[in-house]
Amino acid sequence: MTVVGTILTPTIRAASRKGVFWIIAVVFLVLIAVIALVTTGAKTGGVPFSATNPAPAGSKAIAEVLRTRGVDVSVPATLAGARSALRGSPGSTLFLVDPDSHLDSAQLRSLAALAEHVVLLAPTFSEARTLAPEVGLAGVVGRASLTARCDLPAARAAGRVTGAGSGFRIIDGSADATGCFGSGSNTFSVVDISRARRHITVVGTTDAFANEHIAEHGNAALALTLLGDNARLVWYLPTIDDSSISGPTIAELTPAWVGSVSTLLIIVAIVAAFWRGRRLGPLVIENLPVVVRASETMEGRARLYQKGAARLRALDSLRIGAVSRLATLCGLPRLSTVDDVIAAVARVTARDPSDIRSLLLSTEPRTDRDLVRLSDELLELERLVARDIHPS
Amino acid sequence: MAWSGRFVLLVALGIVPIILLDQPDLLGIWLLFAILVAVLDLLLAGSPRQLRLERELPDRVRLGETVASALLLTNLGRRTIRGIVRDGWQPSAGASPTRARLVLPAGERRRIDTSLTPFRRGERRAAQVTVRSFGPLGLLARQATIDLPGAITVLPPFNSRKHLPSRLARLRELDGRTSVMIRGQGTEFDSLREYVRGDDVRSIDWRATARRSDLVVRTWRPERDRRVVIVIDSGRTSAARIANEPRIDTAFESSLLLAALATRAGDRVDVVVFDRRVRGRIQGASGPELLSRMVTVMAPIDPELLEMDWLSVPSLVRSVTSQHALVVLMTSIDAAGGSRGLLGMLPQLTRKHTVVVSSVTDPSVLSASLERGDRDDVYRAAAAERAILDTTRVSAAIRQLGADVVTGAPADLPPALADRYIALKAAGRL
């Protein structure tokens, strides 16, 4: 047989003509995605307690309400900006959230000294020791809601707030400190400490300040009263750029070629993937038969017997097989009865016919152990009869 | 387009100058260099589109045997083609080697031999040939797939032909070509010849003796020119495998042995493969042509997921022959429920024909019924006994309806069926 073939692989020109729609479509989609990302930004999560973050974890709601109520809210991005904002108008409130401890104690102290009222949300251990040595951290507060039970105006206005956050304990008894929203064993979620003309409020109810929970209980009242007590509010979230710690970067520590070599290695990996991944022509299709073993019905029936504990039924099958083989061995006709077989077997083996009857007919197996024993006895009987009839 | 490991190595070698010269900017230069060299290499590669391909292929092969398939490549382009050729055969065609290296200068022609050892019956196809042609440096390659269909028919193996000589010898004994001359049932008058000492005195034809005034005896030979109709069930139960061989393959083996035997014995053999429609039919052939037509018809037939339509079988047999015939039904008789159609139809056939039902038994069932080591084994043995019992009951029912039953393991069934045929012939029941 001789066959001459035609070419299946399209030429580059034909392939590009065919694929031009898809290339344009993909470029278009990527363009749209980039534009969308640039204009709207990533809205998921964002910086928690940021005055510009409308996500559930942010706090834009409080800042906006304060602005409409005439409070001058400034949101500096850097430590220097925060300093100059505080210096610009003495007697303002500083809202400080620094859960990652970007500022060291000197920076914290100098910043806090510029403000008349410092609201410190969820301070770390070192922050609390620097700014409010009168209180100690008392761990996590897990209550759903907390009641004020104190004379602090903000707490009284709020009444009840969302409880989740951290708690504090007043450790310096001589300090002029007011603890609010107690959750038992001398633990408070809001502690206000007065020092001369200034005062500092340590707040642990973090959930109460987030957009997500601001409308619950008296959360809004607490946040607005605490932050809106002065005409000017400086909302400052330190970032890693404000950190005083600085060292050599990775680029300074490694040789100059490391970047290029790692880029090259990535390119080599991609090239190698295409080298190994390129197929030598399409697959050849073949319809394969389904493999069905004929003994599967037998196996299935065996499992059914076992699952249903059908011992008597199983044993009966074995008995019928044994009886018919015994009848053939003893030379009985095909239509002979079980009684004939029992009598014949008893004669051949010289055993009690009632024994053989109970084995071949009447005994009911109560357990699997009985079943195995009876099946072994059946085999043994067949073997005996065969030996007695054909002694070799 | 495709590229080789050499190209990957070339790109990776860029690490050396970058580290030695400590120049990070070398990365871009090196990549540009590698791409330039590779593109130059690609431009110098011979075009696989300029190939003229031809395939030389035998028509058919017996399952288990090996044939050579040849691929002829002619380079019609102006540049040498160096590269790899893959002949795209289906996996079960058992092609080896599947890839071949090729150096083909312009205007020349090469032959690539592939040996095929198919491991499945039926038609095995080749779809395409893929050629990957590298440039002189072996960096980049042009690749093209060329449609070049090819097909080879894989015939049933007929392994049971090893039983044929012994059965033929027994047939010859029956035929009277040996010295044994027995008069009996199943024989017909052949000729008259002179009496020699040792002949059976009962065969003396006194009338002819009187005419010739010399002792004349009659000779006898087995009846000839009888009809044998083989009906093979290609329904769903024939797909089940026993000892890793589908039932239908065993049926094909048995039918081939029976047909070979019967056609040598002078009988006419017709074969029908049937489930709900006729899947294959061989009629009116004899001698070597019969076997060759049988394997050709059987080769592409696989069992269908259909219930066998037994009700149509009597009319099917009637359409093959109106005379008395030996009808061999190759099916499975595993369960009373599944065999109801067969049992209901049988009286119609046995009224007119001699019927033999042949079925494969599973040797693993027999061994399972004797293995009773633990609890699982005992339950399996019970199920096996039940299966044997079912087969026995169906066999008894078939015998009661006047048909004959031949069962055996896949390897034993073809000779058993052949023996039954010889016995029936000797008994004159054909």
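Preceding this paragraph is the structure being described.
This text gives an overview of the structure that appears in the document.

Cut-offs and rules
Residues numbered from 1 in each chain as written. Chains lettered and ligands numbered in written order. Predicted model: local features only at pLDDT ≥ 70, side-chain atom pairs only at ≥ 80, totals over all residues. Helix = DSSP H or I, 4+ residues; strand = E, 2+ residues; numbered from the N terminus. Buried ≥ 20, exposed ≤ 12 C-beta atoms within 10 Å, placed from the backbone. Contact = placed C-beta atoms within 7 Å. Pairing = 2+ DSSP bridges. Axes fitted to C-alpha atoms, helices over the stretch in contact; angles between N-to-C directions. Parallel < 35°, antiparallel > 145°, perpendicular 65-115°, else oblique. Left-handed = near helix turned anticlockwise from the far one by under 90°. Nonpolar A, V, L, I, M, F, W, Y, C, P; charged D, E, K, R; others polar. Core = buried A, V, L, I, M, F, W, Y, C linked by C-beta atoms within 7 Å. Domains from an automatic or database assignment.

## Re the overall build of chain A
The helix and strand inventory of chain A stands at 14 helices and 13 strands. Relative to its full complement of 392 residues, chain A shows a buried share of 31%. Residue pairs at least 24 apart in sequence account for 62% of intrachain contacts in chain A once pairs closer than 6 positions are excluded.

## Description of the sheet that holds strand β15 (residues 245–246) of chain B
Across the sheet, three strands lie side by side as β13(A)-β14(B)-β15(B); this open sheet has mixed pairing. Looking at which strands have only one partner, the edges of the open sheet turn out to be β13 (292–293) of chain A together with β15 of chain B. The sheet contact formed by β13 of chain A and strand β14 (residues 240–242) of chain B spans two bridges and is parallel. Each bridged residue has a counterpart across the sheet, and for Arg-293 of chain A the counterpart in β14 of chain B is Arg-241 of chain B.

## A look at the sheet that holds strand β18 (residues 325–330) of chain B
Residue and element names in this part refer to chain B. If you trace the six strands from one edge of the open sheet to the other, you get β17-β16-β13-β18-β19-β20, paired in mixed fashion. Two strands close off the open sheet at either side, each with one partner strand: β17 (278–282) and β20 (404–408). Going across the sheet, the axis of each strand differs from the next one's by a mean of 15 degrees, ignoring polarity. Across the sheet, helix α6 (residues 247–264) touches β13 (227–233), β16 (268–274), β18 and β19 (354–360), and the angle it forms with β13 is around 170 degrees.

## Examining unusual backbone geometry
Residue Pro-97 of chain B is reached from Ser-96 of chain B by a cis peptide bond, and omega for that bond is -5 degrees. Positionally, Pro-97 of chain B belongs in the loop between β6 (95–96) and β7 (99–104). A positive phi is found at Ala-309 of chain A, a non-glycine position, where the angle reads about 50 degrees. Examined against the element boundaries, Ala-309 of chain A turns out to sit in the loop between α10 (296–307) and α11 (311–329). For Ala-309 of chain A, a count of 14 C-beta atoms within 10 Å translates into the label partly exposed. A positive phi angle, near 50 degrees, is found at Ala-243 of chain B, a position not held by glycine. Along the chain, Ala-243 of chain B falls in the loop between β14 and β15. The class for Ala-243 of chain B is partly exposed, based on 15 C-beta atoms found within 10 Å.

## A few points about the packing of helix α3 (residues 79–88) of chain A against helix α4 (residues 105–114) of chain A
Residue and element names in this part refer to chain A. Between α3 and α4, the least distance of the axes is 9 Å, while the angle of their chain directions is 25 degrees. One finds that α3 runs roughly parallel with respect to α4. The two elements α3 and α4 meet at a crossing, and its hand is left-handed. In this structure, α3 contributes Leu-79, Ala-82, Arg-83, Leu-86 and Arg-87 to the contact, and α4 contributes Gln-107, Leu-111 and Leu-114. Looking at the contact of α3 with α4 residue by residue, the classes come out as five nonpolar, one polar and two charged.

## Here we look at the nonpolar core
By size, the foremost hydrophobic cluster in this structure holds 73 residues, and its most contacted members are Ile-230, Val-231, Leu-258, Ala-259, Val-327 and Val-328 of chain B. Looking at this core element by element, the count peaks at 10 residues for α6 of chain B. Two domains share this core, each providing at least three of its residues, namely domain 1 (1–155) and domain 3 (227–426) of chain B. Not counting residues up to four positions away in its chain, the partners in contact with Val-327 of chain B are Val-229, Val-231, Val-317, Leu-349, His-353 and Val-355 of chain B. Formed by 61 residues, the second largest nonpolar core is a distinct cluster that contains Ala-148, Ala-177, Val-191 and Ala-210 of chain A.

## Looking at the packing of helix α2 (residues 60–68) of chain A against helix α7 (residues 219–227) of chain A
For any two helices packed against each other, the geometry comes down to the angle between their axes and how far apart the axes lie. Residues and elements named next belong to chain A. With their axes 10 Å apart at the nearest point, α2 and α7 run at an angle of 55 degrees to one another. Between α2 and α7, the interaxial angle falls into the category oblique. At the point where α2 passes α7, the crossing takes the right-handed sense. Residues Ile-62, Val-65 and Leu-66 of α2 lie in contact with α7, whose contacting residues are Ala-223, Leu-224 and Leu-227. Within the contact of α2 with α7, the residues separate by chemical class into six nonpolar, no polar and no charged.

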